[in-house]
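# An overview of the molecular structure
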There are 2 protein chains.
Amino acid sequence: MRPTLALVGATGAVGTVMREIISGRADVYGEIRLVASARSAGKVLQVRGEDVVVQALTPEVFEGVDIAIFDVPDEVSAEWVPLAASKGAIVIDKSGTFRMDPQVPLVVPEVNPGDAADRPRGIISTPNCTTLSMIVALGALHETYGLRELVVASYQAVSGAGVAGPARLYDEIEALAGDRTIGSSAGDVRKALQNRLEGESPFQAPIAFNVIPFAGSLKQDGWASEELKLRNESRKILGISDLKVSATCVRVPVVTTHSLAVHATFEREITVADARRVLDAAPTVVVMDDPAHDVFPMPADVVGTDPTYVGRIRQALDFPNTLDLFVCGDNLRKGAALNAAEIAELVIRTEFQGV
Amino acid sequence: MRPTLALVGATGAVGTVMREIISGRADVYGEIRLVASARSAGKVLQVRGEDVVVQALTPEVFEGVDIAIFDVPDEVSAEWVPLAASKGAIVIDKSGTFRMDPQVPLVVPEVNPGDAADRPRGIISTPNCTTLSMIVALGALHETYGLRELVVASYQAVSGAGVAGPARLYDEIEALAGDRTIGSSAGDVRKALQNRLEGESPFQAPIAFNVIPFAGSLKQDGWASEELKLRNESRKILGISDLKVSATCVRVPVVTTHSLAVHATFEREITVADARRVLDAAPTVVVMDDPAHDVFPMPADVVGTDPTYVGRIRQALDFPNTLDLFVCGDNLRKGAALNAAEIAELVIRTEFQGV
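The notes below deal with the structure included here. What you see is a predicted model; the values in this text were computed from it and never measured.

What counts and what doesn't
- Residues numbered from 1 in each chain as written.
- Chains lettered and ligands numbered in written order.
- Predicted model: local features only at pLDDT ≥ 70, side-chain atom pairs only at ≥ 80, totals over all residues.
- Heavy atoms only, no water.
- Helix = DSSP H or I, 4+ residues; strand = E, 2+ residues; numbered from the N terminus.
- Buried < 20%, exposed > 50% of the residue type's maximum accessible area, 1.4 Å probe, protein only.
- Polar contact = N/O pair within 3.5 Å; in protein donor to acceptor, adjacent residues only side chain to side chain.
- Contact = heavy atoms within 4.5 Å.
- Pairing = 2+ DSSP bridges.
- Axes fitted to C-alpha atoms, helices over the stretch in contact; angles between N-to-C directions.
- Buried area = accessible area lost by both parts, 1.4 Å probe.
- Salt bridge = Lys/Arg side-chain N within 4 Å of Asp/Glu carboxyl O.
- Nonpolar A, V, L, I, M, F, W, Y, C, P; charged D, E, K, R; others polar.
- Parallel < 35°, antiparallel > 145°, perpendicular 65-115°, else oblique.
- Left-handed = near helix turned anticlockwise from the far one by under 90°.
- Least-squares fit on C-alpha atoms with pLDDT ≥ 70 in both.
- 1 Å grid on protein atoms, 1.4 Å probe; cavity = no way out; pocket = protein on both sides within 12 Å on 5 of 7 lines; lining within 4 Å.
- Points joined across faces, edges and corners; volume = space filled by probe spheres on them.

## Things to note about the side chain of A:Gln156
All names here are of chain A. Within the element layout of this structure, Gln156 appears in the loop between strand E9 (147–155) and helix H4 (164–176). We classify Gln156 as buried; its relative accessible area is 1%. In this structure the side chain of Gln156 is engaged in a polar contact, spanning 2.8 Å, whose partner is the side chain of Ser154. Setting aside anything within four residues of it in sequence, one finds Gln156 in contact with Thr130, Ala215, Glu226, Cys249, Val250, Arg251, Val252 and His258.

Set out below in structure tokens:
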């Protein structure tokens, strides 16, 4: 019998992509329940070409559920994920709540699939979108060459902030388009948006014609939560407890697809040819690296697709065993919905007999 | 007597800012000659509130000139800079042609003013805009703590590509504004621009709703010229021949102001408080670092101003003697025109008696 799936947070930015992805894998699940806040209950959404009525998040909704995929805010996960697990569901949680819990595996199927089976709390976490946008490529290189250090700068898309992110970017672009002096004197973008645009932004500053060097919330010693997640999650997924990581996370006016400039140091000698060979052999990684013909990974070409794209592969000139790379991944697909779907399929493949 | 100045390349993006800057320093120069290609000769431009007729670039235009500031393409500098020097002018050259020439000093007045006096060819070079956007802050830290390693990722503005850069970004924004699905599937931005926009772009790919991980031209082993300039120029300006540098240069949809995520390792122990104290004391550096109140350097606030702005100052968690920073500088001002003007003033102050 095919497993019953509950999709909790079915109406959000990631939930929408999740329904699309699951619709493309029509034979995996039996019943699919769409679950959301009481506000969205009763709404009709499509999945696998069928209309499904959204149910409110209640304990009863998890009766008979085999797998529950949660994409809800941290505090909602904190309350409801353990409850769903207590009802017998294997829970795959996209929030930050359980990622660093030693009793919860943090899984990327290409990198550490074995970890999914050891889940004392019945919960499997899926990483932050920024970590996910690079970790498959780095995991492949790590396996052969032993990753030791990472220095990362991100170029993060606005959809990482939820549906309000793209809405705000489109609003700002519309408000500023046609003004061919905008962005040429201090504060002119801020002033124009104050005059021309109503409503709150999910961002700390204008995002059109600007970059914002902060993502997430402020943690100790000036670090942003996104920067610490990238460090701590990379360590846990790769199983390198002393991996050295420094990251600076920056929001850019791109709708979807996170990009990362990565400076990666390995235990063993590694050449550009070595890296290409390993990355070419990695099933979900695409090498896009021919700068002489303007071929490198970019959001405009990556958005809406599944792989991790790697380009600008260069041997560091002054650092031994070190490569500089540019990596792109769709933050809503591999960075969110796709990884959760793949964890579910991994569990089904290995644990659901006769499926 | 006040020195006679020739401004060669007076009509370009940097030339326009240069005329503004020199107009704000009305008492420095005697005669000012504006020089450009034959195409622009005869045009009337304003400097110091006066109309000045642009002269064509000829050998005669340098007769009696004390200081010539060149902002022209590399190949034009290669031909005309030595000629102007041979006529007795002290030449300050913005091109890449002479920067790494051991007989030409590469000068940032806040960092290595003494180098300007030793110029066997009569030429002083001014650095690339990307190097200049960070080097004053790093120079200040280096003086006390001894810089050893730099890992840099850039967020470079379109005006770094000349006047065609902003024109193209504005064109693309106008062509895409109002389309609230753009940037959500692979190639949609490319296709929309092909359909809606005529003319060549100075960039390799769409720049609106995108980032392009390449700047400059392709050099050996996959490195971009901008990345090598940042390495080699930093070494020369700071006088650290073995400074370790890795850079990834990325173009972003920002009109003016380059931003850089910098991971800097020093010889001596350095704390965030140390860095703040040094940077606060550096006359042309502004520390903008209060993320709890959304205070960090951003192009929207920096553009059109002179200082180097530093924020997001963090002690690296896993790397000894290392700071992570975010730095912004207006690439047309300190990154280009302002530094050239300041070199000229440095030379005038130290060498022109009685001025």
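There's more to say after this.
## Focus: the sheet that holds strand E10 (residues 244–248) of chain A
Strand pairing in a sheet is mediated by backbone hydrogen bonds. Such pairs are either parallel or antiparallel. Residue and element names in this part refer to chain A. Read across the open sheet, the six strands follow the order E10-E9-E11-E14-E13-E12; overall the sheet is mixed. Looking at strand neighbours, the two that pair on one side only are E10 and strand E12 (285–287), the edges of this open sheet. Sheet twist, expressed as the average angle between the axes of neighbouring strands with direction ignored, equals 25°. One ladder, built from eight bridges, connects strand E11 (residues 258–266) with strand E14 (residues 322–329); its direction is antiparallel. Directly across from Ala261, in E14, lies its bridge partner Phe326. Its contacts with the sheet place helix H3 (residues 129–145) against E9, E11, E12, strand E13 (308–315) and E14, and it is angled at close to 25° to E11.

## Things to note about the interface of chain A and chain B
Facing 78 residues of chain A, the contacting portion of chain B comprises 78 residues. Carbon and sulfur atoms supply 62% of the area that chain A and chain B bury against each other, a total of about 6300 Å² over both sides. Seen at the junction of chain A and chain B, the total is 14 salt bridges. Notably, a salt bridge pairs A:Glu227 with B:Arg312, separated by 2.7 Å at the nearest N-O pair. Between chain A and chain B we count 40 residue pairs in polar contact (both at pLDDT 80 or more) in total. At the level of elements, E9, H4, helix H6 (225–238), E10, E11, helix H8 (299–302), E13 and E14 of chain A are the ones that each hand at least two residues to the side of chain A that touches chain B. Broken down by class, the residue content of the side of chain A that touches chain B amounts to 43 nonpolar, 18 polar and 17 charged.

## Points about the packing of helix H1 (residues 13–23) of chain A against helix H9 (residues 333–351) of chain A
Residue and element names in this part refer to chain A. Running from N to C, H1 and H9 cross one another at 50°; their axes reach a closest spacing of 9 Å. Judged by the inter-axis angle, H1 sits oblique to H9. In the packing of H1 onto H9, the handedness of the crossing is right-handed. Across the interface between the two elements, Val14, Val17, Met18, Glu20 and Ile21 of H1 pack against Arg333, Ala336, Ala337, Leu338, Ala340 and Ala341 of H9.

## Notes on unusual backbone geometry
All names here are of chain B. For Arg48, which is not a glycine, the phi torsion comes out positive at approximately 55°. The phi torsion at Asp294 lies on the positive side, around 60°, for a residue other than glycine. Of note, Asp294 is situated in the loop between strand E12 (285–287) and helix H8 (299–302). For Asp294, a relative accessible area of 34% puts it in the partly exposed group.

## So, the relation of the copies chain A and chain B
Expressed as a screw transformation, the operator carrying chain A onto chain B has a rotation angle of 180° and an axial translation of 0.0 Å, and the superposed copies differ by an RMSD of 0.0 Å. Put plainly, the chains are arranged around a two-fold axis. In this assembly, 100% of the residues forming the interface of chain A have copies in chain B that are likewise at the interface, indicating an isologous arrangement.

## Quick notes on empty space enclosed by the protein
For the coordinates displayed, the defined rule picks out six cavities of 30 Å³ or more. A volume near 120 Å³ is recorded for the largest cavity. In terms of lining, the largest cavity is formed by 18 residues, of which the most central are A:Val151, A:Ala153, B:Val151, B:Val152 and B:Ala153. Within the residue set of the lining of the largest cavity, elements represented by two or more residues are E9 and E11 of chain A together with strand E9 (147–155), strand E10 (244–248) and strand E11 (258–266) of chain B. The class makeup of the residues in the lining of the largest cavity is 11 nonpolar, five polar and two charged.

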